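# Summary of structural features
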Amino acid sequence: MEEMHTAKKYKFKAEINKLLDILVHSLYTSREIFLRELISNASDALDKLRFETTRGTEVVNPELPLEIRITINKEDKSITVSDTGIGMNYDEITKNLGTIAKSGTEEFLKMVADSNDATNIIGRFGIGFYSVFMVAKEVIVTSRSYRKDEQPVEWRSDGLGQYEVAILDNKELPRGTSIKVLLKDDAQEFLEQWRLESIIKKHSNFISFPIFVGKEKINTVSAIWKEPKSSITKEQYEEFYEFLSHDTEPPADIIHKSIDAPIQFNSLLFIPKKSDEFFWLDRDNYGLDLYVRKVLIQHKNKDLLPEYLGFVKGVVDSEDLPLNISRETLQENVIFNKIATSITSTVLLYLADKAQNDKEGYENFWKEHGKIFKLGYVDFGNREKYIELLRFNSSFCKDANEVISLQDYVGRMKENQKEIYYSSGPNREAILSNPHIEIFKNKGIEVLCLIDPIDELVINSIGKYKDFSFRSIENADAKALENIKNNERKSEEKKEELSKDDKKHFSSLLAKMKKILGDKVEDVVESQRLVESPACLVSINDGLTSTMEKILRMTNKEIQPSKKRLEINPNNKLISNLLEVFKKDSNDEIIKEVTEQLYYISLLNDGELTDSHHFTSIANKYLEKSSLWYINYSIKENNE
Ligand code: ADP
Ligand code: MG
């Protein structure tokens, strides 16, 4: 026992207690990963130390080799994981092993609780260390910082609510950290050397410092990204990917590329099969590991690839960067930036090739990673490549899962079609039953169905594909559509024309409707686009579409909804009935109510009805009336 200053007791933060509770009580299947986490922390500490020495910092015990040692003690049933890394002083150990630094931990914990296999999640959110309590009844951490004049410290806890920290008097304790794990009764399997070896081989084989169990070195310590492609087996790639990503499935794609001139670098990249369910919650977790001559400079560097390619995992290693480059100045380094540009275009070219030659594979890719990929609309430098890689659902697709490229769309545009038409809505059914789409169906014009809210932002930001600009069907100009022929079959169904007399009455009805609606609409006009529905609202000229308006209103309250034109379809039965009423008595109350109702229904169709009170009260009133008519006419007639 070391002579100690009195230990100070601290309570764990509530979220740590919650985490410990979940770890200990619900996650049995992956208990062995505690070792992976301790080794990964040791490796991080060694990386940090190496980083300090390469930039000339003076450290305690400079003669110590950089390595990780695991010892087994069968007497007190413990294993100890030691490293010669940067270590921790009193304040660091108290903070690092007593709090969780990251935000979003709450949500994260909920997800951990729902899953019973933690392999994939532990190690994120800075909670890897605590996984040790899955197997430990007590943990004792001793540590000495790499800085001179720091005293060694001891941290201990049984994982039940509190921990103790004390300063040690031992002047001889070498630099680094030792973690002694006193194993629970049901975790004695980890006292077996072969068991530890197999865990290390499985999860930590690619750690770049030697790991010893007893006297034996277990891991291979090879930088496979620097080796020629032909010498690496698929299994090795997959093993490395698992090590890197903690993914339980093999990767969908492996992109291994080495370049010698003008700048030397090796890159080994992977695209996971499944999207990362925590991506939006844990925005820190993406990025590539950057090495310089096999020395890790930065974990999860975020500047080698843009965020929209954040699903890519991998490593980049360059001979041409200085070893002592600091993370802060990386972004200003010309060579670094050239490497980043080259890697981005490598990934985009790879995807383009996949889209061409492996359609099904690309569709899977899109399903999993498309949501993140769409964020690429801000990458002006790679716009052309980006646009070709986009996929959308369209009215020509057989269901909501099928997607097409813009090239597909343009390839089957109708004669005289000058624009790419799209419609946005909460789902495909809503879009396909929107009155605005009727004329497009009739003419056999394809319409992109934008279901993801970001789709319309993407479309607006790219503006054009080849020579064709995008046009929402809400704003489509009926004249532009006139030049496009109807489908042959459809054109045979001739519209019934209004008589000359009725035409006159119809325009007076429209005027009356405008008067009823007043300022709510810009105008009320006869529709050229509706085939079945009685009415719809149309933005005037290049007004914002309803989705864009909604997005803008979310961010800027000042935006007033733009006024729209109400279009009325004279061929619709409701409208011809209304015309009959109007001819008899132009001031009949029903005209006012139906007009208002048509307006509300059109708003509802566009997802714009904010005050539903009016709408429902009129609807209820007419349901009541019609039920009475039903009793009077239909039921009585049948009984007679
Ligand atoms: P993460 O590794 O994601 O930061 P952990 O829960 O695994 O989260 O570890 C928490 C922190 O404890 C680390 O960030 C590090 O500062 C510190 N730590 C853990 N193990 C060691 C070690 N062997 N040497 C030095 N510091 C360590
Ligand atoms: Mg860790």
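### Thoughts on the overall build of the chain
If you tally the helices and strands in the chain, you get 20 helices and 22 strands. For 640 residues, the compact-globule estimate of 2.2 N^0.38 gives 26 Å, and the C-alpha radius of gyration of the chain, at 34 Å, exceeds that figure by more than 25%. C-alpha extents for the chain along the principal axes are approximately 110 × 60 × 45 Å. Evaluated residue by residue, the chain yields a buried proportion of 49% over its 640 residues. Long-range pairs, those at least 24 residues apart, make up 73% of the contacts in the chain between residues at least 6 apart in sequence.

### As for the pattern of salt bridges
Applying the stated rule across the entire model yields 35 salt bridges. With its nearest N and O atoms 3.6 Å apart, the salt bridge here joins lysine 274 to glutamate 249. Pair noted here: lysine 274 is in the loop between strand E11 (265-271) and strand E12 (288-292) and glutamate 249 is in the loop between helix H6 (234-245) and strand E10 (253-259), with a separation of 25 residues, a long-range link. On the basis of relative accessibility, which here comes to 28%, the residue glutamate 249 falls in the partly exposed class. The salt bridge partner of aspartate 502 is lysine 583, with a shortest N-O separation of 2.7 Å. Note that aspartate 502 is positioned in helix H16 (residues 500-517) and lysine 583 in helix H18 (residues 573-584), a separation of 81 residues in sequence.

### Considering the sheet that holds strand E16 (residues 419-424)
Overall, mixed pairing links the five strands, which are arranged E15-E17-E16-E19-E18 in an open sheet. Each end of this open sheet is capped by a strand with a single partner; those strands are strand E15 (393-394) and strand E18 (464-465). Here two bridges tie E15 to strand E17 (residues 448-450), and the two strands are oriented antiparallel to one another. Residue pairing across strands places asparagine 393 opposite cysteine 449, the latter belonging to E17.

### A short note on the sheet that holds E12
Spatially, five strands are ordered E10-E11-E14-E12-E13 in an open sheet, and the strand pairing comes out mixed. Two strands lie at the open edges of the sheet, namely E10 and strand E13 (295-301), each paired on one side alone. Taking the axes of each pair of neighbouring strands and ignoring which way they run, one obtains an average angle of 10° across the sheet. One ladder, built from four bridges, connects E12 with E13; its direction is antiparallel. Across the sheet, the residue bridging to tyrosine 291 is leucine 296, located in E13.

### Quick word on unusual backbone geometry
With an omega of 0°, the peptide bond between alanine 261 and proline 262 qualifies as cis. With respect to the helices and strands, the residue proline 262 is situated in the loop between E10 and E11. One non-glycine residue, arginine 293, lies in the positive phi region at around 45°. As for its placement among the helices and strands, arginine 293 is situated in the loop between E12 and E13. A positive phi angle, near 50°, is found at lysine 300, a position not held by glycine. By secondary structure assignment, the location of lysine 300 is in strand E13.

### Details of the environment of isoleucine 199
By the element assignment, isoleucine 199 lies in helix H5 (residues 193-203). A sequence separation of 167 residues divides isoleucine 199 from glutamate 32, and the C-alpha atoms of the two residues are 7.0 Å apart. For isoleucine 199, the contacting residues outside a window of four places in its chain are Glu32, Leu35, Phe190 and Ser204.

### Quick look at the side chain of lysine 313
Residue position: lysine 313 is located in strand E14 (residues 313-318). Aspartate 276 provides the closest opposite charge to the buried, unpaired lysine 313, separated from it by 4.6 Å. With sequence-adjacent residues up to four places away left out, lysine 313 is seen in contact with Tyr241, Leu244, Ser245, Leu268, Leu269, Phe270, Pro272, Asn285 and Leu288.

### Focus on the packing of H18 against helix H19 (residues 589-605)
Running from amino to carboxyl end, H18 crosses H19 at an angle of 155°, the nearest separation of the two axes being 10 Å. Put simply, H18 runs roughly antiparallel to H19. The way H18 lies across H19 gives a crossing that is left-handed. The segment H18 lies against H19, with Leu574, Ile575, Leu578, Val581 and Phe582 engaging Ile590, Ile591, Val594 and Leu598.

### Observations concerning H5
If you check which residues of H5 are buried, you get Arg195, Leu196, Ile199, Ile200 and His203. End-on, the buried residues of H5 take up no more than an arc of 130°, which puts them together on one face. The elements touched by buried residues of H5 are helix H2 (33-54), strand E2 (68-73), strand E3 (78-83), strand E8 (211-213) and H6.

### Observations concerning the domain arrangement of the chain
Partitioning the chain into structural domains gives domain 1 (8-216), domain 2 (224-359), domain 3 (390-492) and domain 4 (502-609). A C-alpha centroid distance of 37 Å is found between domain 2 and domain 3.

Cut-offs applied
- Residues numbered from 1 in each chain as written.
- Chains lettered and ligands numbered in written order.
- Predicted model: local features only at pLDDT ≥ 70, side-chain atom pairs only at ≥ 80, totals over all residues.
- Heavy atoms only, no water.
- Helix = DSSP H or I, 4+ residues; strand = E, 2+ residues; numbered from the N terminus.
- Rg over C-alpha atoms; globule rule 2.2 N^0.38 Å.
- Buried < 20%, exposed > 50% of the residue type's maximum accessible area, 1.4 Å probe, protein only.
- Contact = heavy atoms within 4.5 Å.
- Salt bridge = Lys/Arg side-chain N within 4 Å of Asp/Glu carboxyl O.
- Pairing = 2+ DSSP bridges.
- Axes fitted to C-alpha atoms, helices over the stretch in contact; angles between N-to-C directions.
- Lys, Arg positive; Asp, Glu negative; His and termini not counted.
- Parallel < 35°, antiparallel > 145°, perpendicular 65-115°, else oblique.
- Left-handed = near helix turned anticlockwise from the far one by under 90°.
- Arc of directions from axis to C-beta.
- Domains from an automatic or database assignment.

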